[in-house]
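Chain residues, written in single-letter form:
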Amino acid sequence: MKYLRQLKIEVLYPENGAGSALDRNNRIAVFLFAILPGLSPNFNSFILLGSMVWGLYCLTTGSLALNLSKSDRLVAIGMSIYPLVMIASIFVNPPYSEELDWIFRLLPFFSVWLLLPRMRQSPDGRLVPLFILGAGIGMIVTFLFSLLQIMFLMERAEAGTSNAALLGVIGILFGGIALLNVQSPKSVEQRIAILGYAAGLGCVLLSGTRSAWLVIPVHIVIFLWYFRKHSFHLSLRSLAITGSLLFAGLIALGSGQILHRIEALQENMASLERSDGEVTSLSARFALYKGAISAISKDPLTGYGPQNRMASVLAELPDSLRPQLTYSHVHNGFLTAGIDAGIFGIAALSLMLATPVIGAWRKEAGPGRDLAIALALLLVSSYVITGSFGIMFNQKALDPIFAYLVALICVDRGSTGSAPVVRN
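Structure report, in brief. (Residues numbered from 1 in each chain as written. Predicted model: local features only at pLDDT ≥ 70, side-chain atom pairs only at ≥ 80, totals over all residues. Heavy atoms only, no water.)

**Focus: the overall build of the protein**
So the rule is basically this: Numbering of helices and strands starts at the N terminus; helices are DSSP runs of H or I of at least 4 residues and strands are runs of E of at least 2. Here the term buried applies to any residue with accessible area under 20% of the maximum for its type, exposed to any over 50%, and partly exposed to those in between, with areas from a 1.4 Å probe on protein chains only. Contacts were defined at the residue level, with two residues in contact if any of their heavy atoms lie within 4.5 Å. Only the protein chains shown count as cover for residues, and all accessible areas are computed by the Shrake-Rupley method using a 1.4 Å probe.
In terms of regular secondary structure, the protein is built from 17 helices and 0 strands. Each of the 424 residues in the protein was classed as buried or not, and the buried ones make up 54%. Contacts spanning at least 24 positions in sequence make up 78% of the contacts within the protein whose residues lie at least 6 apart. Looking at the protein as shown, the accessible area adds up to about 18,600 Å², and 66% of this sits on carbon and sulfur atoms.

**Remarks on the nonpolar core**
Here is the rule we go by: The term nonpolar core refers to a set of buried residues drawn from Ala, Val, Leu, Ile, Met, Phe, Trp, Tyr and Cys, joined through side-chain atoms within 4.5 Å.
Judged by nonpolar contacts, the single largest core of 93 residues is most densely connected at Phe131, Tyr383, Phe393 and Tyr404. In terms of residue count, helix α17 (residues 398-411) provides more of this core than any other element does, 12 residues in total. Apart from residues lying up to four places away in sequence, phenylalanine 131 is in contact with Val30, Phe33, Ala34, Phe174, Ile177, Tyr404, Leu405 and Leu408. In this structure, Tyr289, Met310, Val313 and Leu317 belong to the second largest nonpolar core, which totals 16 residues.

**Focus: the packing of aromatic side chains**
Condition: When the centres of two rings from Phe, Tyr and Trp lie within 6.5 Å, Trp using its six-membered ring, the rings pair. Their planes under 30 degrees apart give stacked, over 60 give edge-to-face, and anything left gives tilted.
Evaluation of the coordinates by the stated rule reveals 14 aromatic pairs. Relative to phenylalanine 109, the ring of tyrosine 82 has its centre 5.3 Å away and its plane inclined at 85°; by these criteria the two rings are edge-to-face. Of this pair, tyrosine 82 sits in helix α4 (residues 70-91) while phenylalanine 109 sits in the loop between α5 (99-106) and α6 (112-119), placing them 27 residues apart in sequence. The pair tyrosine 82 / phenylalanine 109 is uniform in exposure class, with both members buried.

**Here's the deal with unusual backbone geometry**
Backbone phi values are negative for most residues with the exception of glycine, while trans is the configuration of most peptide bonds. You will see that alanine 159, though not glycine, has its phi angle at about 50°, which is positive. Position of alanine 159 among the secondary structure elements: in the loop between α7 (127-151) and α8 (164-179). Take alanine 159: its relative accessible area is 6%, and that puts it in the buried class.

**Brief notes about a nonpolar patch on the surface**
Stated formally: What goes into a patch is any residue over 30% in relative accessible area without a salt bridge, connected to like charges within 9 Å or, for nonpolar side chains (Val, Leu, Ile, Met, Phe, Trp, Tyr), within 5 Å. Salt bridge, as used here: a side-chain nitrogen of Lys or Arg that lies within 4 Å of a carboxyl oxygen of Asp or Glu.
The grouping of Leu49, Val53, Phe104 and Leu107 at the surface amounts to a nonpolar patch, some 340 Å² of accessible area in total. Secondary-structure assignment places leucine 107 in the loop between α5 and α6.

**Observations regarding the packing of α6 against α17**
Counted only if it meets this: Lines fitted to C-alpha atoms define the axes here, with helix axes fitted over just the stretch in contact, and angles between the N-to-C directions of these axes take values from 0 to 180 degrees. The labels follow the angle: roughly parallel below 35 degrees, roughly antiparallel above 145, roughly perpendicular from 65 to 115, and oblique for the rest. Left-handed describes a crossing in which the near helix is turned anticlockwise from the far one by less than a right angle; the clockwise case is right-handed. Gly counts as polar in this scheme, as do all residues outside two lists: the nonpolar Ala, Val, Leu, Ile, Met, Phe, Trp, Tyr, Cys and Pro, and the charged Asp, Glu, Lys and Arg.
Where α6 meets α17, the closest approach of the two axes is 9 Å, and the angle between their N-to-C directions is 45°. With respect to α17, the element α6 is oriented oblique. The interaxial crossing formed by α6 with α17 has right-handed handedness. Contacts between α6 and α17 involve Val112, Leu115, Leu116 and Met119 from the first element and Ala403, Tyr404, Val406, Ala407, Leu408, Cys410 and Val411 from the second. Of the residues assigned to the contact of α6 with α17, the class counts are 11 nonpolar, no polar and no charged.

**Points about the pattern of salt bridges**
The full count for this structure, using the stated rule, is 6 salt bridges. Arginine 413 is the salt-bridge partner of aspartate 124, the closest N and O atoms lying 2.6 Å from each other. On the criterion of sequence distance, the pair formed by aspartate 124 in the loop between α6 and α7 and arginine 413 in the segment after α17 is long-range, its members being 289 residues apart. Owing to a relative accessible area of 31%, aspartate 124 belongs among the partly exposed residues under this scheme. The salt bridge partner of aspartate 340 is arginine 309, with a shortest N-O separation of 2.7 Å. With aspartate 340 in helix α15 (residues 333-361) and arginine 309 in helix α14 (residues 309-314), the pair connects residues that are 31 residues apart, well separated along the chain. For the pair shown, aspartate 340 and arginine 309 are each scored as buried.

**Notes on the environment of glycine 134**
Here glycine 134 lies in helix α7. Measuring from C-alpha to C-alpha, the distance between glycine 134 and leucine 36 comes to 8.9 Å, with 98 residues separating the pair along the chain. Residues within four places of glycine 134 in sequence aside, it is in contact with Phe31, Ala34 and Ile35.

**Looking at α8**
Condition: Multiplying 1.5 Å by the helix residue count minus one yields the expected span of that helix. Two N or O atoms form a polar contact when they lie within 3.5 Å of each other; inside protein one atom must be a possible hydrogen donor and the other a possible acceptor, and for residues adjacent in sequence the pair counts only when both atoms belong to side chains.
A rise of 1.5 Å per residue sets the reference length of α8, with its 16 residues, at 22 Å; its end C-alpha atoms lie 22 Å apart and thus fit the reference within 8%. N-cap assignment for α8: the residue whose side-chain oxygen lies 2.9 Å from the backbone N of alanine 165 is asparagine 163.

This is the structure:
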């Protein structure tokens, strides 16, 4: 309880100074943004939109200056090229349909221009640790929500996302971010870090998101790199015992879901071999991939525009399959970008995915740079691996999360050391 009171003070009562009001608002926004993705991701969109509007107002009135470094501008431009390419593809590929809605969906990718000047009104090294702590707390609550859903006989947990695959992406990403707080000297924050990571993995298992399972070993490599460079305050013996117990508990808890999803995959593969025309999750993906590649090969330069995405893919498939493939994307982020805007769309998407690593890598050497690189690698690997088999962008949740994290990765100097959120 004492820690919670101290945490409340850290979030709601910033240090004195000219930027104290903006600092307080930044802390509240960052903390809530980290907690909410698995509980109500629409609120992440509201937070990002509100931060963008307020940032634009401050820049317009002169209360904030667009004081971006050369590295910041490089990242912001890299982020902006993707939505600009997609907007261009909308208008060069008639017939037009809901173009204003598509443009509005792309606005989060411009947010770095407006978020960074605002975030830098907070002291260096304060927002990122708060986000990491919030990610751990959010994952613990999200896991409990997911567990209740499974107990009430839902086949796959969704928590507050309304999409099991989305919960899997959020669980693997935010659980990984939470574990970075093991380096905090505060024992409470260490426990939240470990429990948050375990809860994130629990969400992945309960959601049955198989593509997120593939991210786990990649994240382990990232953790090994980061923690070898930065000592943490838990003894290896204590960490090994705690980790082993949590891992055993997760396997026991999620064993049913794991076996169910493996059996479903085996059944899907067997169905492919029978060639009896049954459309399964796996055969639908193969059909979508085939249709997307065929469509891209016919118009590799401009694509078809996101408004014509599925119509162009389904046109390449047999009539008997079309009514059964009621999807809004082709379950591969790169192919989706190729359908939308051709090779320029794929190139713009690849550049945008590289921007977090570019922004982190270009910082001056120091602990802040290492933390930023770890965050960037966790972010990019989560999106690339899960997005190669399912959803990547064009989502109300995943687009704001990516953009917000890119801004956070850029916000601190490389020499800024990581400090506990509660310092008392």
